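# Structural characterization, general
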Amino acid sequence: MSASCATAGTEWLNPTGGRWELNRRNFAINGIVATGASVMPPSVVAESSQGLQQLPFKPEGYNYWTWRGHKIHYVEEGEGFPVVLIHGFGTSAFHWRYNIPELAKNYKVYALDLLGFGWSEKAQVDYDALIWRDQLVDFLKEIVKQHTVLVGNGLGGFTTLLAAAELPAEQVKGVTLLNSAGQFGDDITTTDTSEETALRKFIVRPVEEIFQRVVVGLAFWLSMRPTQIEAQLKSGVYRNHSNVDDYLLNSIAIPAADPNAGEVYYRLLRQLISNPRKYTLESVLSQLSCRLLLLWGDLDPWVDHAKANRIKEFYPNTSLVNLQAGHYPHDEVPLLVNKALLDWLSTLGLSEPSLRTVPEI
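Thresholds applied
Residues numbered from 1 in each chain as written. Predicted model: local features only at pLDDT ≥ 70, side-chain atom pairs only at ≥ 80, totals over all residues. Heavy atoms only, no water. Helix = DSSP H or I, 4+ residues; strand = E, 2+ residues; numbered from the N terminus. Buried < 20%, exposed > 50% of the residue type's maximum accessible area, 1.4 Å probe, protein only. Expected span 1.5 Å × (residues − 1). Arc of directions from axis to C-beta. Core = buried A, V, L, I, M, F, W, Y, C linked by side-chain atoms within 4.5 Å. Contact = heavy atoms within 4.5 Å. Pairing = 2+ DSSP bridges. Axes fitted to C-alpha atoms, helices over the stretch in contact; angles between N-to-C directions.

The name given to the protein in an unreviewed UniProt entry is Pheophytinase, chloroplastic-like isoform X4, with Nicotiana sylvestris as the source organism.

Printed below as a string of structure tokens:
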């Protein structure tokens, strides 16, 4: 699933209302061309204005893995020590287009689409932080099968923290966060959780849900038009607009045509609005034992740049690189991100000979 900008304080929340009965390929040809954006050839190695190689865009995706009965998409490139990339809210593995080719020169790179996003299945399940944590943990056990470094943006950043805290200490050698989601406990406002009355439970809530579905479905449909996606990206999420191109628009708009994409968006939105965060940054960081790198876009309109300093203060085993970029520094200033990440990876001693497989968790 892909997304358009949501309210402040959430990351990317997609909107397309489940009325486009088109498969990905048809959407790429009919939906985007009809609105004026061009469609990239299925497999093209292009370069950005910064001269970096891009991961070839494939409308059919790369590799698929079945997790809990659901079809999960991932990219696998290169050889060496594994580095696993987790996208942010509303994007996909293709959002690492400029990072995968460069990292794959020295490492085995995986980029995973979280359940409900990108080329992964739009499952009708209850979404919360733990479902993506469990997906990532199982991906490391079943596909990667080695010690690893985790890299995550936005929602994917918080997912990597949860997974690293869940796994044995030696399993994750390092975590890199790019404008990560997650809040410290004192930033979360609590709500009254008193028991619902029967009237509210059986009459009011069902009516509210019908109304919300209509409103959210309409918002999703309107926001996922390619011209609207482009406008939202250029409204401050990307401060430098040079990489807001057809590749990026396709990678966001195509998954939104999947059946159930609008339903997933609705479920995610309800979860974000109705439930206070159960897992705070301090509770997760207190369980972490590996080194942490923060690659932080200081111009992010959604995530306060002060959060990076607070994370570093709370977790001293942290390196911080400040970048003049918005919420997606890995795609906006990939040259700087790649250099900082590769420099940091080189200090972790990852080229040790015998890599043990992942222990049972």
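Structurally, Pro-82 is set in strand S5 (residues 82-86). Given a relative accessible area of 1%, Pro-82 falls into the buried group. Taking the C-alpha atoms as reference, Pro-82 lies 5.8 Å from Val-109; in sequence the two are 27 residues apart.

Between the first and last C-alpha of helix H6 (residues 226-237) there are 16 Å, a value that for 12 residues agrees with the 16 Å anticipated at 1.5 Å per step. Those residues of H6 that sit buried are Pro-226, Ile-229, Gln-232, Leu-233, Gly-236 and Val-237. Projected down its long axis, H6 shows its buried positions confined to an angular sector of 150°, all on one face.

Now for the nonpolar core. Among the nonpolar cores identified, the biggest contains 61 residues, and Val-84, Trp-132, Leu-150, Leu-161, Val-175 and Leu-292 are the most heavily contacted of them. By residue number, the principal contributor to this core is helix H3 (residues 129-144), which donates eight residues. Apart from residues lying up to four places away in sequence, Leu-292 is in contact with Leu-161, Val-175, Leu-177, Leu-285, Ile-311, Tyr-315, Asn-317, Thr-318, Ser-319 and Trp-344. Of all hydrophobic cores here, the second largest spans 35 residues; its members include Phe-94, Ala-104, Trp-119 and Leu-293.

It is worth spelling out the sheet that holds strand S4 (residues 70-77) at this point. Pairing between sheet strands relies on hydrogen bonds along the backbone, with the strands arranged either parallel or antiparallel. Strand order in this open sheet of eight strands is S3-S4-S6-S5-S7-S8-S9-S10, and the pairing throughout is mixed. Here the strands that pair on one side only, and so sit at the sheet edges, are strand S3 (63-67) and strand S10 (318-323). Averaged over neighbouring strand pairs, the angle between their axes works out to 20° when direction is ignored. Two strands pair when backbone bridges link them, and S5 and strand S7 (residues 148-153) are joined in this way by four bridges, in the parallel orientation. Looking at S7, one finds that Ile-86 is bridged to Gly-152. Strand contacts of helix H10 (residues 306-314): strand S9 (291-297) and S10, with the helix running at about 165° to S9, the strand carrying the most contacts. Set on the sheet, helix H12 (residues 334-345) makes contact with S5, S7, strand S8 (172-178), S9 and S10; between it and S9 the angle comes to about 170°.

Only a minority of non-glycine residues have a phi that is not negative, and only a minority of peptide bonds are not trans. Positive phi, close to 60°, is recorded for Lys-145, a residue that is not glycine. Tracing the sequence through the fold places Lys-145 in the loop between H3 and S7. Its identity as a non-glycine residue notwithstanding, Asn-179 has a phi of 50°, on the positive side. The exposure class assigned to Asn-179 is buried, which follows from its relative accessible area of 0%.

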